[in-house]
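Each chain is listed here by its residues.
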Amino acid sequence: MVRAAVSGRPIPEASVVAVDELGEVAGSTTTDGEGRYEMRDLPPGVYTVAASGHAPVAGRVQLIGEHTDHDIVLGTPPAYAGAVPQA
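None of the values given here were measured: they were computed from a predicted structure. (Residues numbered from 1 in each chain as written. Predicted model: local features only at pLDDT ≥ 70, side-chain atom pairs only at ≥ 80, totals over all residues. Heavy atoms only, no water.)

Undergrad: What is the right way to look at the overall build of the protein in this model?
TA: The secondary structure content of the protein amounts to one helix and six strands. Moving toward the C terminus, one meets the helices and strands of the protein in the order β-β-β-β-β-β-α. For the protein, buried positions account for 23% of its 87 residues. Partitioning the contacts of the protein with sequence separation of at least 6, the portion at a separation of at least 24 is 38%. Accessible surface computed for the protein: about 6000 Å², of which carbon and sulfur atoms make up 52%. (Helix = DSSP H or I, 4+ residues; strand = E, 2+ residues; numbered from the N terminus. Buried < 20%, exposed > 50% of the residue type's maximum accessible area, 1.4 Å probe, protein only. Contact = heavy atoms within 4.5 Å. Areas by Shrake-Rupley, 256 points an atom, 1.4 Å probe, with all protein chains shown as cover.)

Undergrad: Quick question: what am I supposed to make of the pairing of strand β2 (residues 15-19) here?
TA: Within a regular beta strand, the side chains point alternately toward one face of the sheet and then the other, so they alternate between its two faces. Of the two faces of β2, only one is covered, namely that formed by Val16 and Ala18; the face formed by Ser15, Val17 and Val19 stays uncovered. Pairing of β2 with strand β3 (residues 25-30) involves five bridges; the strand directions are antiparallel. Note that in β3 the partner of Val19 across the bridge is Val25. Where β2 folds back onto β3 in an antiparallel hairpin, the turn is made up of five residues, including Gly23, whose phi is positive at roughly 85 degrees. Here β2 runs beside strand β4 (residues 45-52); their pairing, made up of five bridges, is antiparallel. Note that in β4 the partner of Ser15 across the bridge is Ser52. (Pairing = 2+ DSSP bridges.)

Undergrad: I keep staring at unusual backbone geometry and nothing clicks. Help me out?
TA: For residues other than glycine, phi is negative in most cases, and the peptide bonds are mostly trans. If you check the backbone angles, Glu13 has positive phi at about 60 degrees while not being a glycine. Checked against the element boundaries, Glu13 lands in the loop between β1 (2-4) and β2. The backbone phi angle of Asp41 is positive, close to 70 degrees, even though this residue is not glycine. Take Asp41: it is sitting in the loop between β3 and β4.

Undergrad: Help me understand the sheet that holds strand β5 (residues 57-63) in this model?
TA: Strand pairing in a sheet is mediated by backbone hydrogen bonds. Such pairs are either parallel or antiparallel. With respect to topology, four strands assemble into an open sheet ordered β3-β2-β4-β5, the strand pairing being antiparallel. Across the chains shown, the open sheet's two edge strands, defined by having one partner strand only, are β3 and β5. Neighbour to neighbour, the strand axes of the sheet diverge by 20 degrees on average, direction disregarded. Looking at chain direction, β4 and β5 are connected through seven bridges and run antiparallel. (Axes fitted to C-alpha atoms, helices over the stretch in contact; angles between N-to-C directions.)

Undergrad: What is the right way to look at the environment of Val6 in this model?
TA: Positionally, Val6 belongs in the loop between β1 and β2. For the pair formed by Val6 and Leu74, sequence separation is 68 residues and the distance between their alpha carbons is 8.5 Å.

Set out below in structure tokens:
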């Protein structure tokens, strides 16, 4: 699932890409109306999963077996939302 960092709401139509350990794109998809995504036919392994639709976010996922859940939070986390850059 892809969610907004501040509100926690699902983000529809976000782009999600899985990149394998060699840097090759192994799969890509778009989230549905509830922010859910699924990539079929990925072999077991470790992937970097990136999502965009807001500021891009990436994280590592290890796929063991046939199914793994992975949530992605897009946007600025609440702890940083009100931060003022230092000069």
